[in-house]
Amino acid sequence: GAVVSQHPSRVICKSGTSVKIECRSLDFQATTMFWYRQFPKQSLMLMATSNEGSKATYEQGVEKDKFLINHASLTLSTLTVTSAHPEDSSFYICSARFDSTRRETQYFGPGTRLLVL
Amino acid sequence: AQSVTQPDIHITVSEGASLELRCNYSYGATPYLFWYVQSPGQGLQLLLKYFSGDTLVQGIKGFEAEFKRSQSSFNLRKPSVHWSDAAEYFCAVGALAAGNKLTFGGGTRVLVKP
């Protein structure tokens, strides 16, 4: 089956620093990757859609200058939380899909837990 | 825009008993429907999906779901629950018109009593 990894699995940082989270599709090429955040006991909220080689599309209310997304290759997308603050503490999950033009399933990574002190 | 409702926030079931999780969706056309399971602190694992065709879909771990267009529902069922089925379950709808973005329901937490 399709495998998606995330690194790191958890990170603790000081307020004001930047944190980079990697999302990799290990055994397939992902034309589209998605970034979600999940607060405790809540559902997943889509933050942005990332297509390889183009700018990410952000959902309403998500600050693109704070959550920088780069999708430089078909197997790697990165999310950088810039100048992180305690309210950015959350569980960040990525997913990857084979082909954006078909009804392909999204495969999810294991998530990254971010704690900002 | 599409939306998904999972009416039950928590469900407690005895091991060996049957389980049914409800999911209702709102979307103007035929949606793509998914059920995912999430163990604590983990990502999401796909249980099953419906795109078209047979409205009764079989998934992994003994789960099945039935698409009922007239009721806008996609309920998940398992005949006999195992302790390892304790987890959070999410129903999701995707729409081609929305770039196949997924919209998730609020989730249902399943507790399994011995």
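For the structure, see preceding data.
Residues numbered from 1 in each chain as written. Chains lettered and ligands numbered in written order. Predicted model: local features only at pLDDT ≥ 70, side-chain atom pairs only at ≥ 80, totals over all residues. Heavy atoms only, no water.

**Q** I tried to follow the interface of chain A and chain B on my own but got confused; where do I start?
**A** A common way to state how big an interface is: give the accessible area lost once the parts meet. Contact with chain A, which involves 22 residues of that partner, is made by 21 residues of chain B. Approximately 1,700 Å² of surface area, both sides summed, lies buried where chain A meets chain B, with 53% of it carried by carbon and sulfur atoms. Between Glu-59 of chain A and Lys-101 of chain B there is a salt bridge, and its shortest N-O distance comes to 2.9 Å. In this structure, the connection of chain A to chain B is made through five residue pairs in polar contact (both at pLDDT 80 or more). For the side of chain A that touches chain B, the elements supplying multiple residues, two or more each, are β4 (32-38), β5 (44-51) and β9 (90-97) of chain A. Of the residues that constitute the side of chain A that touches chain B, the class distribution is eight nonpolar, nine polar and five charged. (Contact = heavy atoms within 4.5 Å. Buried area = accessible area lost by both parts, 1.4 Å probe. Salt bridge = Lys/Arg side-chain N within 4 Å of Asp/Glu carboxyl O. Polar contact = N/O pair within 3.5 Å; in protein donor to acceptor, adjacent residues only side chain to side chain. Helix = DSSP H or I, 4+ residues; strand = E, 2+ residues; numbered from the N terminus. Nonpolar A, V, L, I, M, F, W, Y, C, P; charged D, E, K, R; others polar.)

**Q** Please clarify how a nonpolar patch on the surface should be interpreted in this entry.
**A** Residue and element names in this part refer to chain A. Where nonpolar side chains cluster on the molecular surface, the patch consists of Ile-12, Leu-115 and Leu-117 and spans about 320 Å² of accessible area. Note that Ile-12 resides in strand β2 (residues 10-13). Residue class for Ile-12 comes out exposed when judged on its relative accessible area of 60%. (Patch = residues over 30% accessible without salt bridge, like charges linked within 9 Å, V, L, I, M, F, W, Y side chains within 5 Å. Areas by Shrake-Rupley, 256 points an atom, 1.4 Å probe, with all protein chains shown as cover. Buried < 20%, exposed > 50% of the residue type's maximum accessible area, 1.4 Å probe, protein only.)

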